[in-house]
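Analysis of the macromolecular model
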Amino acid sequence: MASRIERAHAKKLKDGVLKPDPGQDAALKALARLEKDLGRRGLFGGVPEVRGVYLYGPPGRGKSMLMDLFFAQVQEPRKKRAHFHAFLSRVHGLIRSWREGDRRARKTTFNQWKGDDPIGPVAALIASEARLLCFDELQVTDIADALILGRLFQALFEHKVVLAVTSNRRPQDLYLNGVNRELFVPFIDLIEARCERVEVAGSRDWRIDALASAPAWYDSTDADGRAGFDALWQRLRGDEPEAEAALDVLGREIRLPRTVGGMARATFADLCQRALGPNDYLALADRFHTLFLEDVPVLRPDDHAAARRLVTLIDALYEARTRLVVLAAAPAERLYPEGQETFEFGRTVSRLKEMTGKGWLAATGSPPSPTMNDPKLQGRD
C-alpha cells in the first residue's frame, strides 16, 4: 500500500504540477519508509528508535520539494521544520539563556536549573517540542557550530529524536577543511549511523529550468517588470514559506527577512545602504545559492559608499557563482553614470550583465564556496 507521501506525489504528477524525475525516486522511497516507521509503536506502546533520512545532492534537484511533501503528509504530531541555520541560531540563543540565567530563569525556560553544561537541558527542551526534526540546507561553516553539534545531536538521539535532512553536501564533506575538523567528525559519524543517506542527483536542475525560461533583469519603473520579478520569486518559492534568516558574521548578526531555503530576497537598501562589508557579503554568498536583489536605484555621484558596497557585493556573488535576479531602475550601465567609484563600477557592470545572462546559469550547477582570502574582496567597507 502506497504511503501518504507517495500518493501525494503521484497526484501532483497526474495534475501536471510535477514532472517525472528518476533522480528523485530513491529519495521518495526513503521518505515513504520513514513515514511508515514513524507510525509504528514499540513494545508495550513505547516509542521505537527510527532511522532518519539525509538527502544530499546539487541545488535544484527537488530535495526541498520532497521535504515539503513529506512534512505535509507525515502524521507525526510532534514535528518541526526549519532551515538548519535558523535552528542553530535558536540553539545558540538557548545556550546563552542557560549560561546567563539564574535558577528562576532556567526553570521557566528549561524546567530544570542544575549544572553548568547547557547541552543536556537544550536537547531536552528541543526533544520535548518535537520527535521529528526536518532541516533544509544542512551545512556547517562556523567553528562554534562545529564544536557543539556532535554533543547536541548525541543528546537528541538519546531522546529518540528523528531527523529528516536536506543538504548540498555528503555527510563526509560537511565542514571540509574546517578549523579543528577532528572535533566535528563525531557529528558526521552520528549522522551516518542514524540516517539513511540518499543522493538526489537528477540530470535536471529545476531551478535553472525556471530561471532559464524567464528574464533575470527587471525594470522597477514598470508595473509589468515588478510583477514579473514577484512572479518568478513565487514560482521558485513554490509552497515553501518565507522565513527570516540570521547570518552570524564575526560576532555580529545580519538579518534577512525574506528567505526560502537557499534563496534570499533583499532590497538594495538592505544590502548596500547599511554599514556592511566583504565579510558580510561573503557570508551571504556562502549561505544562499540565489539572490533576488530588488529596488536598485540609479545612483548619484555622491552615492559613492553605496556604489562601493554594490561593487563588493557583486564581487562576492560572482566568485561564489551565485544566481542573481535583479529589479532595477535602469540597465546596469546606467546605474552609476558618474562618481568617484566609476572606474571600479565598470567591472561590476560587466559582471552584472554576465550574471543575468542565460550563459551564467549553465555554469552555476554547484557553486564553490568563496574564500575570505580572495584579494578581490579585501580592503573594502
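Only a predicted model underlies this, so the values are computations on that prediction, with no experimental measurement involved.

Here we look at helix 4 (residues 84-100)
- For helix 4, spanning 17 residues, the distance from its first C-alpha to its last is 24 Å, which sits close to the expected 24 Å at 1.5 Å a residue.
- Restricting attention to buried positions, one finds in helix 4 the residues Phe84, His85, Phe87, Leu88, Val91, Gly93, Leu94, Ile95 and Trp98.
- In this fold, the buried residues of helix 4 make contact with strand 2 (79-83), helix 5 (103-110), helix 6 (119-129), strand 3 (132-136), helix 7 (143-158) and helix 12 (278-287).

Things to note about the packing of aromatic side chains
- If you walk through the whole model with that rule in mind, you get 16 aromatic pairs.
- With a centroid separation of 5.3 Å and an interplanar angle of 65°, the aromatic rings of phenylalanine 229 and phenylalanine 292 are classed as edge-to-face. Here phenylalanine 229, found in helix 10 (residues 223-237), pairs with phenylalanine 292, found in strand 10 (residues 290-296); they are 63 residues apart in sequence, far enough to count as distant.
- When its relative accessible area of 0% is taken as the criterion, phenylalanine 229 is described as buried.
- The structure contains a cluster of three or more aromatic residues connected by ring pairs, namely Phe84, Phe87, Phe135, Phe153, Phe157, Tyr175, Phe184 and Phe187.
- In this arrangement the basic side chain of lysine 79 is found over the ring face of phenylalanine 71, its NZ or CZ atom lying 4.7 Å from the centre.
- If you follow arginine 351 out to its NZ or CZ, it ends over the ring of tyrosine 318, 3.9 Å from the centre.

Details of the packing of helix 1 (residues 4-14) against helix 2 (residues 25-38)
- Viewed as axis vectors pointing N to C, helix 1 and helix 2 meet at an angle of 140°, and their least axial separation amounts to 8 Å. Here helix 2 runs oblique to helix 1, going by the angle between their axes. Where helix 1 approaches helix 2, its residues Arg4, Ile5, Glu6 and His9 are matched on the opposing element by Leu28, Leu31, Ala32 and Glu35.
- Broken down by class, the residue content of the contact of helix 1 with helix 2 amounts to four nonpolar, one polar and three charged.

Describing the side chain of serine 3
- Tracing the chain through its elements places serine 3 in the segment before helix 1.
- Using a relative accessible area of 3% as the deciding quantity, one classes serine 3 as buried.
- The contacts of serine 3, once residues within four sequence positions are left out, are Ala32, Glu35 and Lys36.

Here we look at the sheet that holds strand 3
- Read across the sheet, five strands follow the order 2-3-4-1-5 without closing on themselves; strand pairing throughout is parallel. One side of each edge strand has no neighbouring strand; the edge strands of this open sheet are strand 2 and strand 5 (195-199). Here the average twist between neighbouring strands, direction ignored, is 15°.
- Examined bridge by bridge, strand 1 (residues 52-56) and strand 4 (residues 162-167) share four bridges and lie parallel to one another. Among the inter-strand pairings, tyrosine 56 is bridged to a residue of strand 4, identified as serine 167.
- Packing of helix 2 onto the sheet brings it into contact with strand 1, strand 3, strand 4 and strand 5, and relative to strand 1 it is tilted by some 160°.
- The strands touched by helix 8 (residues 185-194) are strand 1, strand 4 and strand 5; relative to strand 5, the strand with the most contacts, the crossing angle is about 85°.

Quick word on the sheet that holds strand 9 (residues 263-267)
- Ordered by their spatial adjacency, six strands build an open sheet running 6-11-10-9-8-7, and the pairing between neighbours is mixed. A strand with exactly one partner marks an edge of an open sheet, and here the two such strands are strand 6 (217-219) and strand 7 (243-249). The average undirected angle you get between the axes of adjacent strands in this sheet is 30°.
- Strand direction decides the pairing type here: strand 7 and strand 8 (residues 252-260), joined by six bridges, are antiparallel. Note that in strand 8 the partner of alanine 243 across the bridge is threonine 259.
- Sheet contacts for helix 10: strand 6, strand 8, strand 9, strand 10 and strand 11 (323-328); angle to strand 10, the most-contacted strand, approximately 160°.

Re the confidence of the model for the protein
- Model confidence for the protein is summarised by a mean pLDDT of 88, while 92% of its residues fall at 70 or above.
- Confidence over residues 365-381 falls short of pLDDT 50; this stretch has 43 contacts with residues more than four positions distant or in other chains.

What about the pairing of strand 9?
- Extensive coverage of strand 9 is indicated by the burial of four of its five residues.
- Relative to strand 9, strand 8 runs antiparallel, the two sharing three bridges. Directly across from arginine 258, in strand 9, lies its bridge partner arginine 265.
- Counted between consecutive antiparallel strands, the loop separating strand 8 from strand 9 contains two residues, among which glycine 261 sits at a positive phi close to 60°.
- Both strand 9 and strand 10 contribute to a ladder of five bridges, which runs parallel. Considered in strand 10, the bridge of alanine 266 is made with leucine 293.

About the cut-offs
- Residues numbered from 1 in each chain as written.
- Predicted model: local features only at pLDDT ≥ 70, side-chain atom pairs only at ≥ 80, totals over all residues.
- Heavy atoms only, no water.
- Helix = DSSP H or I, 4+ residues; strand = E, 2+ residues; numbered from the N terminus.
- Expected span 1.5 Å × (residues − 1).
- Buried < 20%, exposed > 50% of the residue type's maximum accessible area, 1.4 Å probe, protein only.
- Contact = heavy atoms within 4.5 Å.
- Phe/Tyr/Trp six-rings, centres within 6.5 Å; stacked < 30°, edge-to-face > 60°.
- Lys NZ or Arg CZ within 6 Å of the ring centre and 35° of its normal.
- Axes fitted to C-alpha atoms, helices over the stretch in contact; angles between N-to-C directions.
- Parallel < 35°, antiparallel > 145°, perpendicular 65-115°, else oblique.
- Nonpolar A, V, L, I, M, F, W, Y, C, P; charged D, E, K, R; others polar.
- Pairing = 2+ DSSP bridges.
- pLDDT = per-residue confidence, 0-100.

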